[in-house]
Amino acid sequence: MKNALAEQTVNAWTYPLTVHAGHLLIDTEFGRYLIDTGSPVSLAETPVCLAARNFSAASSTLGISSIESIVEMVGTPFDALIGTDVLENFDIEISLAEGTLSLSEEFIDVTSGLSVEFIAGVPLIDCEVAGRTAQCFLDTGAPLSYLPGEWLRSAPSLGEIEDFHPLLGRFRVDTHAILMHCLGKKVTLRVGCMPSLLESAIGIAGASGIIGTQMFEQGVLSLSQRQQRAKFI
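Residues numbered from 1 in each chain as written. Predicted model: local features only at pLDDT ≥ 70, side-chain atom pairs only at ≥ 80, totals over all residues. Heavy atoms only, no water.

### Points about the pattern of salt bridges
Inference 1: On inspection of all chains with the given rule, the structure shows six salt bridges.
Inference 2: Here Glu 105 ties to Arg 53 by a salt bridge, and the two come within 3.7 Å at their closest N and O atoms. With Glu 105 in the loop between strand E12 (100–104) and strand E13 (114–115) and Arg 53 in strand E7 (residues 53–55), this pair connects stretches of sequence that are 52 residues apart.
Inference 3: Judged by relative accessible area, Glu 105 falls into the partly exposed class, the value being 25%. (Salt bridge = Lys/Arg side-chain N within 4 Å of Asp/Glu carboxyl O. Helix = DSSP H or I, 4+ residues; strand = E, 2+ residues; numbered from the N terminus. Buried < 20%, exposed > 50% of the residue type's maximum accessible area, 1.4 Å probe, protein only.)

### Side note on the pairing of strand E11 (residues 91–95)
Inference 1: Burial within E11 is extensive, with four of its five residues counted as buried.
Inference 2: Examined bridge by bridge, E11 and E12 share five bridges and lie antiparallel to one another. The partner of Ile 92 across the bridge, within E12, is Leu 103.
Inference 3: Here E11 hands over to E12 after four residues, with Gly 99 in that stretch at a positive phi of 65°.
Inference 4: Relative to strand E22 (residues 221–224), E11 runs antiparallel, the two being bridged by four bridges. Looking at the pairing, Ile 92 lines up with Leu 223 of E22. (Pairing = 2+ DSSP bridges.)

### What about the layout of surface pockets?
Inference 1: By volume, the largest pocket amounts to about 890 Å³.
Inference 2: For the lining of the largest pocket, the per-class residue count stands at 26 nonpolar, seven polar and three charged.
Inference 3: A volume near 300 Å³ is recorded for the second largest pocket.
Inference 4: In this structure, the second largest pocket is lined by 18 residues; those nearest its centre are Ala 21, Gly 22, Pro 143, Leu 144 and Asp 163.
Inference 5: Only helix H1 (67–74) and strand E18 (157–165) provide two or more residues apiece to the lining of the second largest pocket.
Inference 6: No other element matches E18, which puts four residues into the lining of the second largest pocket.
Inference 7: Tallied by class, residues from the lining of the second largest pocket come to nine nonpolar, four polar and five charged. (1 Å grid on protein atoms, 1.4 Å probe; cavity = no way out; pocket = protein on both sides within 12 Å on 5 of 7 lines; lining within 4 Å. Points joined across faces, edges and corners; volume = space filled by probe spheres on them. Nonpolar A, V, L, I, M, F, W, Y, C, P; charged D, E, K, R; others polar.)

### A word on the pairing of E22
Consecutive residues of a regular strand have side chains that alternate between opposite faces of the sheet.
Inference 1: Residues of E22 alternate between two faces, with Leu 221 and Leu 223 on one and Ser 222 and Ser 224 on the opposite face, all of them buried.
Inference 2: When E22 meets strand E23 (residues 229–232), the two strands line up antiparallel, connected through four bridges. Bridge pairing in E23 links Leu 223 to Ala 230.
Inference 3: The antiparallel pairing of E22 with E23 creates a hairpin that spans four residues between the two strands, and Gln 228 there sits at a positive phi of about 60°.

### Topic: unusual backbone geometry
Inference 1: Within the chain, Leu 183 stands out as a residue other than glycine whose phi angle is a positive 55°.
Inference 2: Within the secondary structure, Leu 183 sits in the loop between strand E19 (169–182) and strand E20 (185–193).
Inference 3: Overall, Leu 183 belongs to the buried group, its relative accessible area being 9%.

Distances and angles like these do not, on their own, reveal function.
Structure below.
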């Protein structure tokens, strides 16, 4: 069935994209979906339909997160969390300025972009911070970016805010203004001091930081797991 909310071209679908407290959500004829490149697993009570295809989804992940618990933490209703097990089937373009998210079954042009590693489908990008390189997960399910405290000591403070993570629940975190280069583009982000448990968890996969959705306020992302590349302009 054709999705009445999506604009469809040959082998590509463009969905209206909204942002709630830094979380990226698309509206489809079959429900409202949160897009999460930081999750290897999609969550929903029923199979999801996206880009005219049906995908299965888990009811929980690691026994700690269900779609109901994530909805409660995000603070707005949605029907499914779309993780990389679904997103890996498409090339993706995210434009907050246009309010759109596009999924393409054909390869999109990312030849002018940079090579990207994917860990369980989660993109791992190099970010330059004050002459040092941090490998960071690019996580569209995370409004706030994170780096270890040692990277933030000399950065201007932006105060303490509340955040949440499925592993940690809700917590308070100190934040700082950080100038960095992500995918070749200079951005200034609000970055939290990473909790030690989260630092240990992502460190197992070789990551030292997380880049959240504030980055997308400063450019358009084109991401292709199938081509192992990304472009941010």
